[in-house]
Amino acid sequence: MFLLNKALFIALLFIASSSLVAHETNSSKEIEATETSEDEAKKLFLLQHLDMPKNSDAREAMVTKIFSNFGLLPYEKNYFIPFAYATENYEQRDLVSYPNYEQFDKNIEAEFQISLKKDLSYNLFGLNEIISLGYTQDVWWQLYSDSAPFRETNYRPEVWLTLPIEDKKFSEFGFKAIKFGFLHESNGMGPPLSRSWNRIYFESIFYRGNLMTSLRAWVVDAGENNKDITTYLGYGHLKLNYFLEKHQFDLTWRNNLHFNGENRGSIEVDWSYPTGNSKNNFWYLKIFNGYGASLVDYNQNQTRIGFGFLFSR
């Protein structure tokens, strides 16, 4: 009962903090007064080149995803999942390869992600490009064990350049931007649980109607403890975001494209919907199957189902 109360308290704390963000966001007149001419030019250019959904709720959701008035912006999803069920029993792993894993005696745990970005410059090279810096942190928390330890934390600093496609021949078909970036990911643990890899990636971004699509390919510099990581996580991913009124459905697919009997990858399906009339808090359902739920699990096949709260789409 104590652990359950602790989980509920944390969930309420997250809701309260995100409500403060919503209050600040609704103060639009004060925010607009502080916008720089660079921000206004960027928004004007992007709005002229986006095909927005006809439905007002879907359009508002897409605008909220793309634009923000703060210097430090949400990047990937920000969420707290108090209940995430995994099909694997972690404490049954080999203790030589996974020391101290006997303490992780629950296959129901909490999971949360914090992801922020900062746009460093706009139109520096005269191409309407945006250079950005981002940071994402994922945490898997054995909240319902006696000492409630963090099972793993993944850290992802990233820098990238987004270049819009201005050619109308391509833009009319939904091809809106390309993105070049460098991404480091590690879990900050010592051997034998240490995992890390670096990626230089190229991404194509498409918007058409209610659908956003991104296709990313990467070149990998793998760490010493996970040299075979591309065998499980492949060389890229496909992401789909579909807006249906107030609903948002997301799909992420990774695959090594080996169809000779060694095919591996993962698929993740997400659903979110506003809590009440809130524009900043959402119910969140996340389903994952395959390899790479976390870095330490890059070569472990599992299914995870979690339900909780989403604070930025």
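Just so it is clear, the structure is predicted and the values come from calculations on it, not from any experiment.

Caption draft 1: Examining the overall build of the chain more closely. Along its length, the chain carries six helices and 13 strands. Of all 313 residues assigned to the chain, the portion counted as buried reaches 47%. Contacts in the chain between residues far apart in sequence, at least 24 positions, make up 58% of those at least 6 positions apart. Counting every atom, the chain has about 16100 Å² of accessible surface; 60% of that belongs to carbon and sulfur.

Caption draft 2: Just unusual backbone geometry, in detail. Omega for the bond connecting P191 with P192 falls within 30 degrees of zero, at 5°, which places this linkage in the cis form. Checked against the element boundaries, P192 lands in the loop between β6 (175-186) and β7 (196-208). Look at N123: it is not a glycine, yet its phi comes out positive at around 65°. Mapping N123 onto the fold places it in the loop between β3 (108-122) and β4 (130-141). Although it is not a glycine, L257 adopts a positive phi angle of roughly 60°.

Caption draft 3: Just the nonpolar core, in detail. If you look at the biggest cluster of nonpolar residues, it comprises twelve residues: Y75, W160, L183, W197, Y201, W218, I229, Y232, L233, Y291, L295 and Y298. Contributing elements (two or more residues each) for this core: β7 and α6 (229-233).

Caption draft 4: Local environment of the pairing of strand β2 (residues 78-86). In terms of residue burial, β2 counts as a mostly covered element, since seven of its nine residues are buried. For β2 and strand β13 (residues 301-312), the ladder comprises seven bridges, and the chain directions are antiparallel. Residue N78 lies in a different strand from β13, and its bridge partner there is S312. Pairing of β2 with β3, which is carried by five bridges, proceeds in the antiparallel orientation. Residue I81 lies in a different strand from β3, and its bridge partner there is E111.

Caption draft 5: Looking closely at the pairing of β6. Buried residues dominate β6, accounting for nine of its twelve residues. Relative to β7, β6 runs antiparallel, the two sharing eleven bridges. Its bridge partner lying in β7, F175 is registered against F206.

Caption draft 6: Structural view of the packing of aromatic side chains. The full count for this structure, using the stated rule, is 18 aromatic pairs. Their ring planes at 15° and their centres at 4.5 Å tell us that Y75 and W160 sit as a pair that is stacked. A residue pair is termed long-range when its members are at least 10 positions apart, and Y75 in the loop between β1 (72-74) and β2 and W160 in strand β5 (residues 150-164) qualify at 85 residues. Seen in terms of ring centroids, W283 and F307 are 6.0 Å apart; in terms of plane orientation they differ by 10°. Their pairing is stacked. Taken as a pair, W283 in strand β12 (residues 282-291) and F307 in strand β13 lie far apart in primary sequence, 24 residues in all.

Caption draft 7: Representation of the environment of W197. By the element assignment, W197 lies in strand β7. Sequence-wise, W197 and R156 are 41 residues apart; in three dimensions their C-alpha atoms are separated by 10.0 Å.

Caption draft 8: Seen up close, the confidence of the model for the chain. Of the residues in the chain, 86% have a pLDDT of 70 or more, and the chain-wide mean is 87. Note that pLDDT drops below 50 for residues 1-34; the model gives that stretch 30 contacts with residues more than four away or on any other chain.

Caption draft 9: View of the environment of D250. Examined against the element boundaries, D250 turns out to sit in strand β10 (residues 247-255). Apart from residues lying up to four places away in sequence, D250 is in contact with K77, L240, N241, Y242, E268, V269 and D270. At 2.9 Å, the side chain of D250 and the side chain of K77 are in polar contact. Within the structure, the side chain of D250 is placed 3.0 Å from the side chain of Q248, a separation counted as a polar contact.

Caption draft 10: Looking closely at the side chain of T230. Residue position: T230 is located in helix α6. Non-local contacts of T230, meaning those with residues more than four positions away in its chain, are made with V220, Y235 and N256.

Criteria and thresholds
- Residues numbered from 1 in each chain as written.
- Predicted model: local features only at pLDDT ≥ 70, side-chain atom pairs only at ≥ 80, totals over all residues.
- Heavy atoms only, no water.
- Helix = DSSP H or I, 4+ residues; strand = E, 2+ residues; numbered from the N terminus.
- Buried < 20%, exposed > 50% of the residue type's maximum accessible area, 1.4 Å probe, protein only.
- Contact = heavy atoms within 4.5 Å.
- Areas by Shrake-Rupley, 256 points an atom, 1.4 Å probe, with all protein chains shown as cover.
- Core = buried A, V, L, I, M, F, W, Y, C linked by side-chain atoms within 4.5 Å.
- Pairing = 2+ DSSP bridges.
- Phe/Tyr/Trp six-rings, centres within 6.5 Å; stacked < 30°, edge-to-face > 60°.
- pLDDT = per-residue confidence, 0-100.
- Polar contact = N/O pair within 3.5 Å; in protein donor to acceptor, adjacent residues only side chain to side chain.

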